[in-house]
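So you can see what is in the structure, the chains are spelled out below.
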Amino acid sequence: PQLKPLAGKKAIVTSGPTHEPIDPVRYIANRSSGKQGHAIAAALAKLGAKVTLVSGPVTIPDPAGVAVTHVETAAEMLSAVEAALPVDIAVMVAAVADWRVASSANQKIKKQPGEAPPPLQLAENPDILKTVGHHVRRPGLVIGFAAETQNVEANGRKKLEAKGADLIVANDVSPETGIMGGDRNRVKLILPEGIIEWPSLAKDEVAEGLAQWVADQFPSA
Ligand code: C5P
């Protein structure tokens, strides 16, 4: 029997949103179903990789054949990712909240009749992809995503550089595309040497294609 192409390789995948608490009952978050990230974790595992999936709060089940760490906030996601290093492959798909509430309340903030709404002071969250892309234990292959609503290609290319990634998978998530929360995705692979456009595919097919692209980066034994 032929060895699976990613046998012996370790991968880490982030998926889903992060939730940043305002108080014990409220949070701010990004929109993300986790469908694409979870599918990528499963596809890498199918090709033989040992996969750790770090997932924010999602409603979809854990994929089979993958070790899953469940987290809530960006800070927790970064800790879980760094704890999994070193790995050969990192695919950062999570829609991480760019900001958290600077000092979240320990008790529920009460609505006071006649009083102005409480101000929300925000603090910047760590950029997990950027941290991994410039890490002393940087994985050999670092892949990021870019969900954009305009100038998809130009913004993706800027991200490739800024984040220290080898590949940015860019997609147009304008509401009319139906990509956000949907089952299909249309992506462009933005690479230092050029761009590869894929047609509209099921998110599972995007995941399988990406896992195969990853496998192709490793010279076969
Ligand atoms: O800068 P932007 O959020 O558009 O970049 C998207 C890419 O960066 C995705 O791969 C996402 O998972 C990653 N990211 C991250 N940590 C953040 C923000 C984005 O890992 N705080």
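Treat the numbers as computed from the prediction; the structure is a model and nothing was measured.

1. Quick look at the pairing of strand β1 (residues 10-15)
Phase 1: Most of β1 is tucked away: five of the six residues are buried.
Phase 2: Across six bridges, β1 lies against strand β4 (residues 50-55) in parallel orientation. Along β4, the bridge assignment pairs I12 with T52.
Phase 3: Bridge count for β1 against strand β6 (residues 89-92) is four bridges, and the pairing is parallel. Directly across from T14, in β6, lies its bridge partner M92.

2. Digging into the UniProt feature "binding site: CTP" (unreviewed entry) in the protein chain
Phase 1: Annotation from UniProt places "binding site: CTP" (unreviewed entry) at D98, K108, P126, D127, I128, L129, F145, K159 and K163. These annotated residues cover 66 residues of sequence, and their C-alpha atoms reach 37.7 Å apart at the extreme, placing them across more than a single site.
Phase 2: Note on placement: K159 falls in helix α4 (residues 152-163).
Phase 3: Here K159 falls in the partly exposed class, since its relative accessible area comes to 23%.
Phase 4: With sequence-adjacent residues up to four places away left out, K159 is seen in contact with F145, A146, E148, G164 and I168.
Phase 5: With respect to the helices, strands and loops of the structure, K163 is situated in helix α4.
Phase 6: With sequence-adjacent residues up to four places away left out, K163 is seen in contact with D127, L129, K130, G133 and H134.
Phase 7: A distance of 2.6 Å separates a polar atom in the side chain of K163 from a polar atom in the side chain of D127.

Conventions adopted
- Residues numbered from 1 in each chain as written.
- Predicted model: local features only at pLDDT ≥ 70, side-chain atom pairs only at ≥ 80, totals over all residues.
- Heavy atoms only, no water.
- Buried < 20%, exposed > 50% of the residue type's maximum accessible area, 1.4 Å probe, protein only.
- Helix = DSSP H or I, 4+ residues; strand = E, 2+ residues; numbered from the N terminus.
- Pairing = 2+ DSSP bridges.
- UniProt positions renumbered as here; feature names shortened; annotations may be inferred.
- Contact = heavy atoms within 4.5 Å.
- Polar contact = N/O pair within 3.5 Å; in protein donor to acceptor, adjacent residues only side chain to side chain.

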